[in-house]
Amino acid sequence: RIQQTRIQMVELGDGVHLEVLLIPAGRFTMGTAEPTPLDEDKFQAQISWGFLSSITGIGLCIILLCTILLRARAKRRRIQFSLLTLILIISSLAITLYGVTRWWFAERAFRDAKIEFEKAVSCFQSADESELPAQSLEITTPFYIGKWEITQEQFNAVMGFSPSGITPKSMPVGAVSFEQAEQFCQKLSVKTGKAVRIPTEAEWEYSCRAGTPTAYYTGNTEDDLNKAGWWSGNSNAKHPCGEKVPNGWGLYDTHGNVSEWAKAQYK
């Protein structure tokens, strides 16, 4: 059994190795979940509070200044500010600044939340039927998974051939049937003395998400997808593994590049 450490190097022979990462147990939502309705009342309450605070501060300041001016005119003398009056004016200005700041940040937070909500709605509406309905699943046992897709070199080291060549060595292997993928796991189990298998669909999606609720682990839009992987929108060919941004658990290329096999049962 593989020792429960964060990273393991599995030797495949001839200096070739496979790096695997430990994925912790946990619960996640599998599939595309319907977005939670935006709580506009909460944002409006924060905006209103900031607005009222700023108006209150401005009002107090005007009242104080008018009072001082009227007193000075009534007594026909120069305007004078007592220490108490200065404190009150400074306090009213502070209230105004607090209100304006809170108002501005609340407006900005509401605008950003609305944009993210609209992205999530768009993502949900365009979801494939296989991703619906979303369901809460629990991965009860930690497991290891490859840091990135199996490369042509790694596949050749185990199987003795590669259906898509072995140049360059860091290219992901493609054109692999499900049966060949299972044979790879079986031979690797014999070679290493460790149990190796194709991940379940739930394990794969759980690993890919790495705790994120969005369509891709980098976000919901095509620009976010471009950061995570190579796909038909930004490339028409395979690329070496590990060129894009990894997810929170250090996995690369779970979005795009080449397709990965998974077993359809949940775990």
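Relevant structure appears above.
Just so you know, these numbers come straight off a predicted model, no measurement behind them. (Residues numbered from 1 in each chain as written. Predicted model: local features only at pLDDT ≥ 70, side-chain atom pairs only at ≥ 80, totals over all residues. Heavy atoms only, no water.)

(A) A look at the pattern of salt bridges. Tallying each qualifying case throughout the model produces seven salt bridges. For the salt bridge of K169 with E153, the shortest nitrogen-to-oxygen distance reads 3.8 Å. Here E153 lies in helix α3 (residues 152-159) and K169 lies in the loop between α3 and α4 (178-192), a separation of 16 residues in the sequence. With a relative accessible area of 55%, K169 lands in the exposed category. Classification of E153 by relative accessible area gives partly exposed; the value is 25%. (Salt bridge = Lys/Arg side-chain N within 4 Å of Asp/Glu carboxyl O. Helix = DSSP H or I, 4+ residues; strand = E, 2+ residues; numbered from the N terminus. Buried < 20%, exposed > 50% of the residue type's maximum accessible area, 1.4 Å probe, protein only.)

(B) Representation of α4 within the structure. In this model, α4 (15 residues) spans 21 Å end to end at C-alpha, consistent with the 21 Å of a helix rising 1.5 Å per residue. Along α4, the residues classified as buried are A181, F184, C185, L188, S189 and T192. What you see down the axis of α4 is that its buried residues fit within an arc of 135 degrees, all on one side. Away from the buried face of α4 by more than 90 degrees, exposed residues Q186 and V190 are located. Of the surrounding secondary structure, the elements contacted by the buried residues of α4 are β1 (7-13), β2 (16-23) and α3. (Expected span 1.5 Å × (residues − 1). Arc of directions from axis to C-beta. Contact = heavy atoms within 4.5 Å.)

(C) Inspection of a nonpolar patch on the surface at higher detail. Taken together, the side chains of F51, L52, I55, I58 and I62 define a hydrophobic patch exposed on the protein surface, amounting to about 440 Å² of accessible area. Relative to the helices and strands, F51 is located in helix α1 (residues 40-74). Its relative accessible area of 36% is what places F51 among the partly exposed residues. (Patch = residues over 30% accessible without salt bridge, like charges linked within 9 Å, V, L, I, M, F, W, Y side chains within 5 Å. Areas by Shrake-Rupley, 256 points an atom, 1.4 Å probe, with all protein chains shown as cover.)

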